[in-house]
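One letter stands for each residue in the lines below.
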Amino acid sequence: MARERLVSSLAADPPRLDLAALAIATLGREDLDAPACLHTLDALAARVQVEAERLREKGEALAPLRALRHVLADIEGFRGNEDDYHSPDNSFLDRVLERKVGLPITLSVLYLEVARRAGIPLYGVPFPGHFLVACDAGDHKLVMDPFHHGDILTEHGCEELLKRVAPQLKFDRAMLAPAPVELIAYRMLSNLRRVYLGRDDSQQGLAVVDLLLLLAPDHPGELRTRASLLTTMGAFRAALKDVERCLELSPDAPDRERLELSARELRERAELLN
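Conventions and cut-offs
- Residues numbered from 1 in each chain as written.
- Predicted model: local features only at pLDDT ≥ 70, side-chain atom pairs only at ≥ 80, totals over all residues.
- Heavy atoms only, no water.
- Axes fitted to C-alpha atoms, helices over the stretch in contact; angles between N-to-C directions.
- Helix = DSSP H or I, 4+ residues; strand = E, 2+ residues; numbered from the N terminus.
- Left-handed = near helix turned anticlockwise from the far one by under 90°.
- Contact = heavy atoms within 4.5 Å.
- Core = buried A, V, L, I, M, F, W, Y, C linked by side-chain atoms within 4.5 Å.
- Buried < 20%, exposed > 50% of the residue type's maximum accessible area, 1.4 Å probe, protein only.
- Expected span 1.5 Å × (residues − 1).
- Polar contact = N/O pair within 3.5 Å; in protein donor to acceptor, adjacent residues only side chain to side chain.
- Pairing = 2+ DSSP bridges.
- Salt bridge = Lys/Arg side-chain N within 4 Å of Asp/Glu carboxyl O.
- Phe/Tyr/Trp six-rings, centres within 6.5 Å; stacked < 30°, edge-to-face > 60°.
- Lys NZ or Arg CZ within 6 Å of the ring centre and 35° of its normal.

J.: Any details on the packing of helix α2 (residues 17-25) against helix α6 (residues 104-118)? Residues and values, ideally.
T.: A pair of packed helices is characterised by two quantities: the angle between their axes and the separation of those axes. α6 packs onto α2 with a crossing angle of 145° between their chain directions and a minimal axis gap of 10 Å. For the pair α2 and α6, the sense of crossing is left-handed. Counting all contacts with α2, which are made through Leu17, Asp18 and Ala21, the residues of α6 involved are Val109, Leu112, Glu113, Arg116 and Arg117.

Take a look at the structure:
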């Protein structure tokens, strides 16, 4: 179900981030009520529009963004889940709408989809280690951090954030470039993969990696991960197919000898099943 929904959401013109996020959420709840989630987003956007108009009448600068932040952070209380950051629920949009806590990227999806419905030109920012949202304001960008109550960040604020979440990197304005829907979906799934593999949940991990390979069919790292999971689950022929694909894609890979050894072992195991 998740696969079909994700394919459909990305095939839309333009691609639908809300539907992609809900497709991913079916990994946690197959029977989730997608229409109810979309209705919630619609209702939040209507409230943002009313608040934005009120702020405009008061001459408030940045009325749309302040309205978005006021409704989602101040009134509704959407915030980052710092107490249980690694819960898979933080990656599922339906659970975020219910519990009002989530990861930076899931909260960013919420902000983006409410903003889109309210006519606010917001876009996702794939900032290293901490997803953000932003909009263009003349010759500069206004960046918001949905995880931290929708705080509006200056460029200096972004540099300070980078020092906390990825201190090994040097800030570059290119880090604030817009992210397409496909990249946002990939990053959401990458978070889930880390959670499930960290819990040794091979079945859920495999479901997530399958979707990652749907988005990036020849990603060598994801192919290796899936081969490892399939081997653990005893699906030797399927694992062998992924290992052989890795060898085909990267004939000069540093771990080629290990891959060739894995391929031989998988062939032997598969033959024993005959």
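Having seen the model, we can carry on.
J.: Outline the nonpolar core, supporting the account with residue identities and numerical values.
T.: Ranked by size, the top nonpolar core spans 64 residues in total, and within it Leu27, Leu68, Leu72, Val114, Leu122 and Ile184 carry the most contacts. Once you skip the residues sitting within four places of it in the chain, Val114 turns out to touch Leu41, Leu44, Ala45, Val48, Leu68 and Leu72.

J.: Describe helix α3 (residues 34-57), and please don't skip the residues or the numbers.
T.: When the terminal C-alpha atoms of α3 are compared, their 35 Å separation across 24 residues agrees well with the 34 Å that a helix rising 1.5 Å per residue should span. Three or more residues of α3 are buried, namely Ala34, Cys37, Leu38, Leu41, Leu44, Ala45, Val48, Glu51, Ala52 and Leu55. Elements in contact with the buried residues of α3: α1 (2-11), α2, α4 (63-75), α5 (93-99) and α6. One side-chain oxygen at the N-terminal end of α3 lies 3.2 Å from the backbone nitrogen of Ala36; it belongs to Asp33. Downstream of α3 by one or two residues, Gly59 has phi in the positive range, about 75°.

J.: Summarise the pairing of strand β4 (residues 132-137); cite the residues concerned and give the values.
T.: Where strand β3 (residues 123-125) and β4 come together, three bridges link them in antiparallel fashion. Along β4, the bridge assignment pairs Val125 with Leu132. The loop that links β3 with its antiparallel partner β4 comprises six residues; one of these, Gly129, has a positive phi angle of about 75°. As defined by bridge partners, β4 adjoins strand β5 (residues 140-145) across five bridges and the pair is classed as antiparallel. From the neighbouring strand, Ala137 faces β5, where its bridge partner is His140. Counted between consecutive antiparallel strands, the loop separating β4 from β5 contains two residues, among which Gly138 sits at a positive phi close to 70°.

J.: Please set out the pattern of salt bridges residue by residue, giving values where relevant.
T.: Opposite charge on two side chains makes pairing possible when the charged atoms of those side chains draw close. A full pass over the atoms with the stated rule returns 29 salt bridges. Linking Arg117 and Asp18 is a salt bridge whose minimum nitrogen-to-oxygen distance equals 2.8 Å. In this pair, Arg117 is assigned in helix α6 and Asp18 in helix α2, connecting sequence segments 99 residues apart. Look at Asp18 and you get buried, because its relative accessible area is 0%. Among the salt bridges present, the one from Glu53 reaches Arg56, with a minimum N-O distance of 3.5 Å. In this pair, Glu53 and Arg56 both sit in helix α3, three residues apart, roughly one turn of the helix. On the basis of relative accessible area, Glu53 is assigned to the partly exposed category, the value being 38%. We classify Arg56 as partly exposed; its relative accessible area is 45%.

J.: Which residues make up the packing of aromatic side chains, and what are the values?
T.: Under the criterion given, the structure shown has two aromatic pairs. Taking 5.9 Å as the distance between ring centres and 70° as the angle between the ring planes, the aromatic pair formed by Tyr85 and Phe147 counts as edge-to-face. Taken together, the residues span a long stretch of sequence, with Tyr85 in the loop between β1 (79-80) and α5 and Phe147 in the loop between β5 and β6 (151-153) at a distance of 62 residues. The ring of Phe78 has Lys100 sitting right over it, with the charged end atom 5.9 Å from the ring centre.

J.: Please provide a residue-by-residue account of the sheet that holds β4, values included.
T.: Reading across the sheet, the four strands line up as β3-β4-β5-β6 and stay open at both edges, with antiparallel pairing between neighbours. In the strand order of this sheet, the two ends are held by β3 and β6, each with one partner. Sheet twist, expressed as the average angle between the axes of neighbouring strands with direction ignored, equals 40°. Pairing between β5 and β6: three bridges, direction antiparallel. If you follow Met144 over to β6, its bridge partner there is Ile152. Most of the contacts of α4 go to β5, to which it runs at about 5°, and overall it touches β4, β5 and β6. In this fold α6 packs onto β3, β4 and β5, with an angle of close to 40° to the strand it touches most, β4.

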